[in-house]
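Each chain is listed here by its residues.
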Amino acid sequence: MAERSLTLMTVHAHPDDEATSTGGVLARYAAEGVTTVLVTCTDGRCGDGPDGVKPGEDGHDPQAVVAMRRAELAASCEALKVTHLETLDYADSGMMGWATNDAPGAFWNTPVDEAADRLAELIRRYRPDVVVTYDENGFYGHPDHIQAHRITMAAVERTDVPAKVYWTTVPRSAFQEFGKVMQEIGVEFPEPDATDEMPSLGLPDDEITTWVDTRAHGEQKFASLAAHASQAENIFFLRLGQERFTELMGMETFVRVRDRTGASTPEDDLFAGLR
């Protein structure tokens, strides 16, 4: 029998989330022969519609947005050479505090056990060696990101399949550079005063366990993000152009929260200890 290939599963909240924090690793590991599985939990209906029309505004058709974003997601997966795309298709909950948080079928309004059981089925089917999702705060507090974290960790406990589990993060040292670049392209990126506490986003550099260089796949990552053209207002990194984008976004960083390999940290490979 042929030896089973290593498998990476990333669990994201919305169509387009896969591109920013894991587009590089999805492309890199696919190129290395790893089976890649992207799970997208919501349908993205609370995103912008054609011509940038916002949820709640006249002309915003949630079902049309769903169809448009599904096509964009397929194009993104093609750019990253994702092996398998799975969509749980819960309704996008919108930002924290929106009325859509409590809508029937909204991901945020779905019992964790119910969604975790569905994800556990996928974990049993694909047998991922490595699973990647968000931290407890969903990186920046979005309800669907938080829920994706919750169901992923519950599904991992149910199945005990992955050898390694990671949460996406950003090194705190990168925020100053992000601020400079955002200023250059005219995007507000507030920096805390010297008296303020450190922002809750990201981690101190010495707490990041895993630094994966994906610059060789910057073109694919850029194309993945560009595929989500309907959300252009929110994917402002495209304004940098591919070369600057790759310089800024070419190192993807993670914190390892589960490990059965004993691989030492810091590490430069999500599959360290597995090959």
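Now for a description of the structure that goes with this document. (Residues numbered from 1 in each chain as written. Predicted model: local features only at pLDDT ≥ 70, side-chain atom pairs only at ≥ 80, totals over all residues. Heavy atoms only, no water.)

1. Quick notes on the pairing of strand β2 (residues 35-42)
Extensive coverage of β2 is indicated by the burial of eight of its eight residues. What joins strand β1 (residues 7-12) to β2 is helix α1 (residues 17-31), and the crossover it makes is right-handed. The sheet contact formed by β2 and strand β3 (residues 84-90) spans five bridges and is parallel. By the bridge assignment for β3, Val37 is matched with His84. Following the chain from β2 across helix α2 (residues 62-80) to the adjacent parallel β3, one finds a crossover that is right-handed. (Buried < 20%, exposed > 50% of the residue type's maximum accessible area, 1.4 Å probe, protein only. Helix = DSSP H or I, 4+ residues; strand = E, 2+ residues; numbered from the N terminus. Right-handed = clockwise from strand over helix to strand, strands pointing away. Pairing = 2+ DSSP bridges.)

2. Here's the deal with the packing of α1 against helix α6 (residues 218-226)
Where α1 contacts α6, the axes come no closer than 9 Å and their chain directions differ by 140 degrees. In this structure, α1 meets α6 at a crossing whose hand is right-handed. Across the interface between the two elements, Glu18, Ala19, Thr20, Gly23, Gly24 and Ala27 of α1 pack against Gln220, Lys221, Ser224 and Leu225 of α6. Taken together, the residues of the contact of α1 with α6 break down into three nonpolar, five polar and two charged. (Axes fitted to C-alpha atoms, helices over the stretch in contact; angles between N-to-C directions. Left-handed = near helix turned anticlockwise from the far one by under 90°. Contact = heavy atoms within 4.5 Å. Nonpolar A, V, L, I, M, F, W, Y, C, P; charged D, E, K, R; others polar.)

3. Describing the side chain of Lys221
Within the secondary structure, Lys221 is located in helix α6. The class of Lys221 is buried, set by a relative accessible area of 3%. When near neighbours in sequence (up to four residues on either side) are disregarded, Lys221 contacts Ala19, Thr20, Gly23, Gly24, Leu80, Phe245, Met249 and Glu252.

4. What to know about a nonpolar patch on the surface
A grouping of Met95, Trp98 and Tyr140 is seen on the molecular surface, where their side chains present a nonpolar patch of about 290 Å² in accessible area. On the secondary structure map, Met95 appears in the loop between β3 and α3 (112-126). Judged by relative accessible area, which is 36%, Met95 ranks as partly exposed. (Patch = residues over 30% accessible without salt bridge, like charges linked within 9 Å, V, L, I, M, F, W, Y side chains within 5 Å. Areas by Shrake-Rupley, 256 points an atom, 1.4 Å probe, with all protein chains shown as cover. Salt bridge = Lys/Arg side-chain N within 4 Å of Asp/Glu carboxyl O.)

5. Description of the nonpolar core
Grouped together as the largest cluster of nonpolar side chains are 25 residues, with contacts concentrated most on Met9, Val39, Leu119 and Ile151. Mapped by element, the contributors of at least two residues to this core are β1, β2, β3, α3 and α4 (143-159). For this core, the leading source of residues is α3, giving seven residues. The residues touching Val39, leaving out its near neighbours within four places in the chain, are Met9, Thr10, Val11, His12, Glu86, Leu88, Leu119 and Leu122. (Core = buried A, V, L, I, M, F, W, Y, C linked by side-chain atoms within 4.5 Å.)

6. Quick notes on the sheet that holds strand β6 (residues 210-213)
Judged by pairing direction, the sheet is mixed, and its seven strands sit side by side in the order β3-β2-β1-β4-β5-β7-β6 without closing on themselves. Of all strands in the sheet, those with a lone pairing partner are β3 and β6, marking the two edges. Taking the axes of each pair of neighbouring strands and ignoring which way they run, one obtains an average angle of 25 degrees across the sheet. Summarising the sheet, β6 and strand β7 (residues 251-259) pair through four bridges and their orientation is antiparallel. Counted as the bridge partner of Val212 is Glu252 from β7.

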